[in-house]
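Residue strings, one per chain:
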Amino acid sequence: MSVGIDEISFYTPNYYLDLRTLAKAKNIEVEKYYNGIGQEKMSMPGHDEDIVTMAANAAKPIIDHTDTSSIRTLLFATETGVDQSKSAGVYAHRLLGLSPNCRVVELKQACYSATAAIQMACALVARQPEQKVLVLASDIARYDLGSPGEATQGCGAVAMVVSAKPRLVEIDPDVGNFAEDVMDFWRPNYRSNALVDGKYSTKVYLHSLKKAWENFVHSSSLAFTNFSHFCYHLPFSRMAEKAHRHLSRINNSTLNLEAMTRQFEDSLHYNRVIGNSYTASIYISLVSLLENCKHDLEGKKIGFFSYGSGCVSEFFSGTVVSGYDKFLHTLGHQKMLAEREEVDYETYLALYHYPEYTDGEAHSFEAMTKGHFRLAGVNGHKREYVSC
Ligand code: HMG
């Protein structure tokens, strides 16, 4: 029986900073951002948005037409946790009106954990094919102002329904894993911004890709030439080019540069204008591929490389299902991106310095989101989420 991704939808907030503006403020050539790291814009959350509201907003277009009683598990992947104890998924569960007979849990391992969620979801569905699993992945990427990571910030969320006989992508059972205890990127509990050894992190990413691939070919009958397209974790879109060149070299690929680029370029469109969304990033890259590739992808094999700093990585594969294009949310995604509001440098700084109240008093947040759910305020150390 086939299991995999039945439906997928993403959300990103309605504010963005064009990296031209950042380049001007920092006196850096814009080509470094646009070409060197391959990023044009970064999404910024309003003060009434967080991982919960973004994830619920990503899921809403799916939930609106889904029999929610079939969703027996909600897995919430994030590294921007809002509580050390309570799962962000429980808030999303209420906002989305899911059944009380639903398992809810949060998963963490940097940018990797949405892939753990997908694999766990596939295993649950294989055991009970009548159930569906809702996977939410939601993150806000923040680095210190003035650090090399600043241009690679961003935010977004993705919602995926995993089911039997999926309508979009069947996920194959064979995977390749690689894990190693390294300090390339981390965020201690007392910090709201990540710490990162940037250049080292890109080296660890590429090393992990090689190791996960080697482990994959050990268990799978698939070879590099069986794949028509690839989706990589995208901390910045140029990373896909570095990764794909690396993997092609390892496999002695004879493809020329143009043909090699065609294997990943359509997966980059959305991430280039959203920025890093950590756990959501590789799945937003899948949406970008499915919605922007001019060729019919039916029956095509996609190779996925999921990487989470620290580090855990996985290479896995999927097959695009016949008729997939009828079940995409292309128009909604493109409208959301087109209608975003560009902010100037001062507004970017104001959004960056979001209020973080720790006094337990009542505070309300200005309504800024254009989404269906918002964080209205905090009171008595409790977060108050509402539908708009
Ligand atoms: P940097 O020091 O700002 O940039 O750091 P650079 O000097 O290395 O330049 C970047 C590229 O731009 C280079 O190209 C330059 O040549 C080029 P490359 O050598 O790489 O081919 N360049 C130009 N190109 C055109 N015109 C110009 C120009 N000037 C320079 N005028 C770095 C870059 C990525 C390190 C930094 O942005 C950073 O620290 N980012 C955050 C960390 C990160 O994204 N790491 C990626 C791997 S780890 C990962 O993916 C996990 C993560 O998502 C977290 C998680 O798992 O939770 C981060």
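Residues numbered from 1 in each chain as written. Predicted model: local features only at pLDDT ≥ 70, side-chain atom pairs only at ≥ 80, totals over all residues. Heavy atoms only, no water.

Undergrad: Quick rundown of the site of the ligand? Include the residues and the values.
TA: Near the ligand lie 27 residues; those nearest to it are Glu-79, Cys-111, Ser-201, His-233 and Lys-242. Contacts to the ligand include Thr-152, whose side-chain N or O atom sits 3.5 Å from a nitrogen atom. Arg-238 places a side-chain nitrogen or oxygen 3.0 Å from an oxygen atom of the ligand. Starting from 1,100 Å² of accessible surface for the ligand in isolation, the protein chains cover 75%. Mapped onto the shell around the ligand, the elements with two or more residues apiece are α2 (30-37), α6 (198-219), α7 (238-250) and β12 (301-308). (Near = heavy atom within 4 Å. Polar contact = N/O pair within 3.5 Å; in protein donor to acceptor, adjacent residues only side chain to side chain. Areas by Shrake-Rupley, 256 points an atom, 1.4 Å probe, with all protein chains shown as cover. Helix = DSSP H or I, 4+ residues; strand = E, 2+ residues; numbered from the N terminus.)

Undergrad: Give me the lowdown on α2, citing residues and values where you can.
TA: Structural remark: α-helix, 3.6 residues per turn; residues separated by three or four positions point the same way. Residues Val-30, Tyr-33, Tyr-34 and Ile-37 constitute the buried set of α2. Around the axis of α2, the buried residues are gathered within 130° of arc, so they sit on the same side. Buried residues belonging to α2 abut β2 (15-18), α1 (19-26), α7 and α9 (269-274). Phi turns positive, to about 75°, at Gly-38, one or two residues after α2. (Buried < 20%, exposed > 50% of the residue type's maximum accessible area, 1.4 Å probe, protein only. Arc of directions from axis to C-beta. Contact = heavy atoms within 4.5 Å.)

Undergrad: I'd like to hear about the packing of aromatic side chains, residue by residue, with values.
TA: On inspection of all chains with the given rule, the structure shows 21 aromatic pairs. Judged by centre distance (6.1 Å) and plane angle (75°), the rings of Tyr-143 and Phe-185 are edge-to-face. A residue pair is termed long-range when its members are at least 10 positions apart, and Tyr-143 in the loop between β6 (132-141) and β7 (154-164) and Phe-185 in strand β9 (residues 185-186) qualify at 42 residues. Residue Tyr-143 shares its accessibility class with Phe-185, and that shared class is buried. Where Phe-230 meets Tyr-232, the ring centres are 6.2 Å apart and the plane angle is 15°; that geometry is what we call stacked. For Tyr-232, a relative accessible area of 1% gives the class buried. One aromatic cluster in this structure is built from Trp-213, Phe-216, Phe-224, Phe-227, Phe-230, Tyr-232 and Phe-315. The side chain of Arg-142 reaches across the aromatic face of Tyr-352, ending 4.2 Å from its centre. A cation over an aromatic ring shows up here: Arg-167 above the ring of Phe-327, its NZ or CZ 4.5 Å from the ring centre. (Phe/Tyr/Trp six-rings, centres within 6.5 Å; stacked < 30°, edge-to-face > 60°. Lys NZ or Arg CZ within 6 Å of the ring centre and 35° of its normal.)

Undergrad: Pulling in residues and values, what's your account of the pairing of strand β5 (residues 103-107)?
TA: When strand β4 (residues 71-77) meets β5, the two strands line up parallel, connected through 5 bridges. Its bridge partner lying in β5, Thr-73 is registered against Arg-103. Of the crossover connections in this fold, the one passing from β4 over helix α4 (residues 88-95) to the parallel β5 is right-handed. (Pairing = 2+ DSSP bridges. Right-handed = clockwise from strand over helix to strand, strands pointing away.)

Undergrad: Please provide a residue-by-residue account of α4, values included.
TA: Counted residue by residue, α4 has 6 buried out of 8 residues, so it is predominantly covered. By the burial criterion, the buried members of α4 are Ala-88, Gly-89, Tyr-91, Ala-92, His-93 and Leu-95. Where α4 is buried, its residues contact α3 (51-63), β4, β5, β6, β16 (373-379) and β17 (382-387). Near the N-terminus of α4, the side chain that reaches the backbone nitrogen of Gly-89, with its oxygen 2.9 Å away, is that of Ser-87.

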